[in-house]
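# Coordinate analysis (summary)
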Amino acid sequence: MPTRARPIRLLVRAALVVAAFLLPAVAGATPSGPERAAGERPAADRPAAERPAVAIAAETGAIPEGGTRLTVVLSRPVEARAFVMERPDRAIVDLPEVNFQLPPEAGRKRDGLVASYRYGLFAPGRSRIVIDLAQAATVARVATSTRPRDGAVLLTIDLARSDREAFRRAAQAPEPARAAEVPAREGGDPRPLVIVDAGHGGIDPGAIAGNGVYEKDIVFGVAQGLVQRLEAGGRIRVQMTRDRDVFVPLNERVRIARDARADLFVSIHADSISAAPQVRGATIYTGSEKATDAESARLADRENKADAAAGADQGDGPGDVADILQELTLRETRGFSARFAKGLLTRLSGAMEMSVKPHREAGFRVLRSPDVPSVLVELGYLSSKRDLDLLLSDEWRANVTGQMAGAIEAFFAGRLPATVTARGADAPRIGRAAQIGPAPVSP
């Protein structure tokens, strides 16, 4: 790598100086909710030695005997652990929390054994680099060193060619999905609780637009806007499955809603079809074992693989229907979901372009809660320039989140008593499908 080293070293010197000043700011996000561990202090409040290291550059290059090296430039040393996984073949590098400040194009170019790589927050206090392998390979070496001439800390991951049998023996099983830690629902607050789920996050970027924008960032901005609208209205309580750029397993998103005894779950995504840039428009999905069409089935299958791509076990979803009571609960839940989807479609149709089939069904894992009405909204296609321009427009987002908030309030309005304050903590819950008995609430 000597021919490329000089310009990189100059950039590294400048970046290290900038990182020294900006580290408290860029590492100072203050998470809350399920992503923040109990007692965890915001990064900006921690001593300098405890703040996340900053990754400021990365590059790949060839090493002897056909191997490939990934070098990450850090603001300070970190401990790293690396291993490989199959189906799909990839190398995993686990790190303490790292603030990745890499250029947008980092990890997208194929080089030797590295087909691509991605990075991000994997869990509270933990980051991860996932290297998609171009062929079977093992991690031959992981090392951290300090370059004396400019003070850069270099994390190097060396990959060596391997045959399939040796790779299979070295491969580890996926890490089990983490259990969610969700605050208990406030018994004295009668307002409906809505869980807003910003799709993807952390090491899982979702779809990537031609200009390098990540789906996870677009949908997170829309989710935040929806939360702000609902909180401003004061009639709905709201909670996010993630309130920062962190990876949350799919089944954990469902558990967050169920453990909080939510009344509605709204997952926000954006799609991409690079082979058909003319396709555009929003689609609302509800859960079903059988997809409406082949396109919906393919999309659900792609979304359902997010955990595996991040190196996490998919875990166990809600159990199979065991008796007639559970079957009735599931059926009623899907009725509520369809009712909300219809009202949301009516609102959004006047504010945005809808797809040819604006309401579809598919087996999305995040829509499998048996007792929380759930929908997934695909806001548009990152592969469509017209959709992407709108998704990046503050005015468009404000209009769309306003309509979504209106649909949510309308969904609950008919079931709210005349005076909200008169509702007791032990009264039937609003909007929850698991209200089966002699006098169920009408959807």
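Residues numbered from 1 in each chain as written. Predicted model: local features only at pLDDT ≥ 70, side-chain atom pairs only at ≥ 80, totals over all residues. Heavy atoms only, no water.

So, about the overall build of the protein. Helices and strands together make up the secondary structure of the protein, namely 9 helices and 15 strands. When contacts within the protein are restricted to residue pairs at least 6 apart in sequence, those whose partners lie at least 24 apart make up 76%. (Helix = DSSP H or I, 4+ residues; strand = E, 2+ residues; numbered from the N terminus. Contact = heavy atoms within 4.5 Å.)

A word on the pattern of salt bridges. With the rule as written, the count across this model stands at 28 salt bridges. Its salt-bridge partner being Asp-189, residue Arg-191 comes within 2.8 Å of it at the nearest N-O pair. A salt bridge links Lys-385 to Asp-389, with the shortest nitrogen-to-oxygen separation between them at 2.9 Å. Within this pair, Lys-385 and its partner Asp-389 are both found in helix 8 (residues 385-391), separated by 4 residues, close to a single helical turn. According to the relative accessible area criterion, Asp-389 is partly exposed, its value standing at 41%. (Salt bridge = Lys/Arg side-chain N within 4 Å of Asp/Glu carboxyl O. Buried < 20%, exposed > 50% of the residue type's maximum accessible area, 1.4 Å probe, protein only.)

A few words on the nonpolar core. Grouped together as the largest cluster of nonpolar side chains are 44 residues, with contacts concentrated most on Val-266, Ile-268, Phe-340, Leu-379, Met-404 and Ile-408. Those residues within four positions of Leu-379 in sequence are excluded, and the remaining contacts are Val-222, Ile-268, His-269, Ala-270, Gly-281, Ala-282, Met-352, Leu-391, Trp-396 and Val-400. Counting residues in each nonpolar core, the second largest holds 29 residues, with Leu-74, Val-93, Val-98 and Tyr-214 among its members. (Core = buried A, V, L, I, M, F, W, Y, C linked by side-chain atoms within 4.5 Å.)

Spatially, 6 strands are ordered 11-10-12-15-13-14 in an open sheet, and the strand pairing comes out mixed. On the outer flanks of this sheet lie strand 11 (237-240) and strand 14 (354-362), each paired with one strand and no other. The sheet shows a mean angle of 20° between the axes of neighbouring strands, direction not considered. As paired strands, strand 10 (residues 193-198) and strand 11 are joined by 4 bridges and run parallel to one another. Bridged to Leu-193 within strand 11 is Arg-237. Relative to strand 12 (residues 264-271), helix 3 (residues 215-233) is tilted by about 145°, and along the sheet it contacts strand 10, strand 11, strand 12 and strand 15 (374-381). (Pairing = 2+ DSSP bridges. Axes fitted to C-alpha atoms, helices over the stretch in contact; angles between N-to-C directions.)

The two faces of the sheet receive side chains in turn, since in a regular strand these alternate between them. Residues Arg-237 and Gln-239 of strand 11 are buried on one face, and the alternating residues Val-238 and Met-240, pointing to the opposite face, are buried as well. This β-α-β element, strand 10 to helix 3 to strand 11, shows right-handed connectivity. (Right-handed = clockwise from strand over helix to strand, strands pointing away.)

This part is about the side chain of Asp-293. Within the secondary structure, Asp-293 is located in the loop between strand 13 (282-287) and helix 5 (294-304). For Asp-293, a relative accessible area of 16% puts it in the buried group. One polar contact links the side chain of Asp-293 to the main-chain amide nitrogen of Ser-296, over a distance of 2.7 Å. Those residues within four positions of Asp-293 in sequence are excluded, and the remaining contacts are Lys-357 and Arg-360. (Polar contact = N/O pair within 3.5 Å; in protein donor to acceptor, adjacent residues only side chain to side chain.)

Packing of helix 3 against helix 9 (residues 394-413) brings their axes to within 9 Å, and their N-to-C directions diverge by 50°. Of the possible angle classes, the one that applies to helix 3 and helix 9 is oblique. Here helix 3 runs over helix 9; the crossing is right-handed. From helix 3, Ile-218, Gly-221, Val-222, Gly-225, Leu-226, Arg-229, Leu-230 and Gly-233 reach across to helix 9, where they touch Arg-397, Ala-398, Thr-401, Gly-402, Met-404, Ala-405, Ile-408 and Glu-409. (Parallel < 35°, antiparallel > 145°, perpendicular 65-115°, else oblique. Left-handed = near helix turned anticlockwise from the far one by under 90°.)

Now for helix 5. Within the sequence span of helix 5, burial applies to Ser-296, Leu-299, Ala-300, Glu-303 and Asn-304. What you see down the axis of helix 5 is that its buried residues fit within an arc of 130°, all on one side. Its side-chain oxygen at 3.3 Å from the backbone nitrogen of Glu-295, Asp-293 defines the N-terminal cap of helix 5. (Arc of directions from axis to C-beta.)

Bringing the confidence of the model for the protein into the picture now. Chain-level statistics for the protein give a pLDDT mean of 82 and a share of 76% at 70 or above. Mean pLDDT across the elements of the protein ranges from a minimum in helix 1 (residues 2-26), with 42, to a maximum in strand 10, with 98. Scored below 50 in pLDDT, residues 1-40 shows 64 contacts in the model against residues more than four places distant or in partner chains. This model gives residues 416-443 a pLDDT under 50, and the stretch forms 56 contacts once residues within four places in sequence are excluded. (pLDDT = per-residue confidence, 0-100.)

Within strand 12, 8 of the 8 residues are buried, which leaves the element mostly enclosed by the surrounding structure. The alternating pattern of strand 12 places Leu-264, Val-266, Ile-268 and Ala-270 and Phe-265, Ser-267, His-269 and Asp-271 on opposite faces, both of which are buried. As paired elements, strand 10 and strand 12 share 5 bridges and run parallel to each other. Paired with Ile-195 across the strands is Phe-265, a residue of strand 12. Strand direction decides the pairing type here: strand 12 and strand 15, joined by 6 bridges, are parallel. The partner of Val-266 across the bridge, within strand 15, is Val-375.

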